[in-house]
Amino acid sequence: MPPKLTKTIIGAVIAIALAGAVSYGLISQQTADQIQTQANQTLQNDQGSLGPTANHPPAAPANTIPQAPAQPGSSPQPPAPVPRQ
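Residues numbered from 1 in each chain as written. Predicted model: local features only at pLDDT ≥ 70, side-chain atom pairs only at ≥ 80, totals over all residues. Heavy atoms only, no water.

Overview of the overall build of the protein chain
So, point 1. The helix and strand tally for the protein chain stands at 2 helices and 0 strands.
So, point 2. Relative to its full complement of 85 residues, the protein chain shows a buried share of 18%.
So, point 3. By sequence separation, contacts in the protein chain at least 24 residues apart represent 47% of the contacts at least 6 residues apart. (Helix = DSSP H or I, 4+ residues; strand = E, 2+ residues; numbered from the N terminus. Buried < 20%, exposed > 50% of the residue type's maximum accessible area, 1.4 Å probe, protein only. Contact = heavy atoms within 4.5 Å.)

Here is the structure:
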């Protein structure tokens, strides 16, 4: 596979994984943006797919409270049922 195609596929996989992590509240949107920026820089600098920064992603926030989704209506949970009277 050409190196440019390989980098594009790796970037897309990272973006999809980060989007899933944000939508399930595992990481915040800010953390996902930081990881995506670092991954893009690593791929552009042609350090290879297993460069030194690939093994040490930025630390996630230490809080255990899940973050709200970045966009309204993008919650993976269905809305709570309305109580019937």
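Examining a nonpolar patch on the surface
So, point 1. Residues Met1, Leu5, Ile9 and Val13 make up a contiguous nonpolar surface patch of about 420 Å² in total accessible area.
So, point 2. We classify Val13 as exposed; its relative accessible area is 52%. (Patch = residues over 30% accessible without salt bridge, like charges linked within 9 Å, V, L, I, M, F, W, Y side chains within 5 Å. Areas by Shrake-Rupley, 256 points an atom, 1.4 Å probe, with all protein chains shown as cover. Salt bridge = Lys/Arg side-chain N within 4 Å of Asp/Glu carboxyl O.)

A few points about the confidence of the model for the protein chain
So, point 1. Looking at the protein chain, pLDDT values average 74 and 56% of them are 70 or higher.
So, point 2. Confidence over residues 49–56 falls short of pLDDT 50; this stretch has 6 contacts with residues more than four positions distant or in other chains. (pLDDT = per-residue confidence, 0-100.)

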